[in-house]
Amino acid sequence: MSVPRTTTPGSQLMETPERTALRRAVADLGGRYGSAYYLAKARAGEPADELWAEAGKAGYLGVNLPAEYGGGGGGITDLAIVLEELGTAGCPLLLLIVSPAICGTVIARYGTEEQKRHWLPGLADGSRRMAFGITEPDAGSNSHRISTVARRDGEDWLLTGRKVFVSGIDHCDAVLFVARTEDARTGKLKPALFVVPRDTPGFEYRPIPMELVAPERQFQVFLDDVRLPAEALVGDENAGLLQLFAGLNPERIMTAAFSLGLARQALGKAVEYARTRVVWSTPIGAHQGLAHPLAQCAVEIELARLMTQKAALLYDGGEDAAAGEAANMAKYAAGEAAARTVDQAVQTLGGNGLTQEYGLGALLAATRVGRVAPVSREMVLNYVAQHTLGLPKSY
């Protein structure tokens, strides 16, 4: 199977030679594993440990983390390339969004020296993994309603609450949880971040049955007076919201890269099939009823890639406000492009599009991830209406 090329005409103007080389190297690695490996792992309920370990050894998992802690010294721009190319090759590793992108970024920017030395080298080489817990059963997209609370008990913290849709806990060493602490001056609750090792007493997690075909399972979490030392708090107790968005913007950018990988994988399979499948004396790709929709998908994928690159470059350049707007737009554009492309790919293959041989059926559910998580497409449109267009807030 051929897949869309890793670079596009004029890409040398958009990416440095080092990033173009990174794309090619990661594409080669992903190609040695491919969708058959990934789907076999997913259907067996096993993590993609072999690919994860090799990607870590090659330096790809920690390409965004500081070099002094074992990372590559790059940024989210580089890590997004890694996820996009692995996804294009058929191996969209969901934990890349979580472990190095969210958790690694937050700890690198706001963690203590001890936290950085303790966690970042392992996150960079893949020997350690960290999950991220923010969503709650009753809060949904409204992070202001988060009810998981951390309260002081002497020098320690006691963490109590519930979380849902936490990815990959069973293969992670710890979880970075978003909780709320009480402001001593106002009595109001404010967000704060805590690292909780998986084996901490009072920390219980249970799998959520999902229709997704993925190596990473989803979990609900129960925190019952989980006692944490003072050093479990990441960053400043009084700057939680700022620190939280230091991780949420990379999450949106990486989710866009995840969706782009799925879209390019599906487009590659559809194009190859349309080139070679002959029904009435000519390949079906010669018919505009199939050729035009696939061409439209290619256009939409490329537009989403450009917005994702813009968002990542803004974030890496320290333009947090502009990056927030671009990251939301990129996540929206890539999610929509992926959903349309996978749908068209299935339609192009007809009945073969739903066979396990081609692996497109599994992508139908996977593309929904980019439309509903980590923030729904509707909430992205609310954000753009309010912050970009200046319209009244609707919620």
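Check the entry above for the structure.
To keep things clear, this report deals only with the structure shown in the data block. (Residues numbered from 1 in each chain as written. Predicted model: local features only at pLDDT ≥ 70, side-chain atom pairs only at ≥ 80, totals over all residues. Heavy atoms only, no water.)

**Considerations on the packing of aromatic side chains**
Each aromatic ring pair is characterised by the separation of its centres together with the angle its planes make.
Move 1: Within the structure shown, the criterion is met by six aromatic pairs.
Move 2: Arranged with centres 5.2 Å apart and planes meeting at 70°, the rings of W157 and F194 form a pair that is edge-to-face. Here W157 is found in strand 3 (residues 156-167), whereas its partner F194 is found in strand 5 (residues 189-197), with 37 residues between them in sequence.
Move 3: Under the relative-accessibility criterion, F194 is labelled buried at 0%.
Move 4: Through pairs of rings, three or more aromatic residues link up here, namely F177, F203, Y205 and F219. (Phe/Tyr/Trp six-rings, centres within 6.5 Å; stacked < 30°, edge-to-face > 60°. Helix = DSSP H or I, 4+ residues; strand = E, 2+ residues; numbered from the N terminus. Buried < 20%, exposed > 50% of the residue type's maximum accessible area, 1.4 Å probe, protein only.)

**Re the pairing of strand 3**
Move 1: Two elements, strand 2 (residues 149-153) and strand 3, share five bridges in a ladder whose sense is antiparallel. Across the sheet, the residue bridging to D153 is D156, located in strand 3.
Move 2: If you look at the hairpin formed by strand 2 and strand 3, you'll find two residues sitting between the two strands, and G154 has a positive phi there, around 70°.
Move 3: Two strands pair when backbone bridges link them, and strand 3 and strand 7 (residues 218-228) are joined in this way by eight bridges, in the antiparallel orientation. Bridge pairing in strand 7 links W157 to L228. (Pairing = 2+ DSSP bridges.)

**Some points on the packing of helix 9 (residues 320-349) against helix 10 (residues 360-372)**
Move 1: Interaxial distance between helix 9 and helix 10 falls to 8 Å at its minimum, and their mutual angle equals 160°. Considering the angle they form, helix 9 stands roughly antiparallel to helix 10. You can see that helix 9 and helix 10 cross each other, and the crossing is left-handed. Contacts from K331, G335, E336, A338, A339, V342, D343, A345, V346 and L349 of helix 9 reach helix 10 at L360, L363, L364, T367, G370, R371 and V372.
Move 2: Looking at the contact of helix 9 with helix 10 residue by residue, the classes come out as 10 nonpolar, three polar and four charged. (Axes fitted to C-alpha atoms, helices over the stretch in contact; angles between N-to-C directions. Parallel < 35°, antiparallel > 145°, perpendicular 65-115°, else oblique. Left-handed = near helix turned anticlockwise from the far one by under 90°. Contact = heavy atoms within 4.5 Å. Nonpolar A, V, L, I, M, F, W, Y, C, P; charged D, E, K, R; others polar.)

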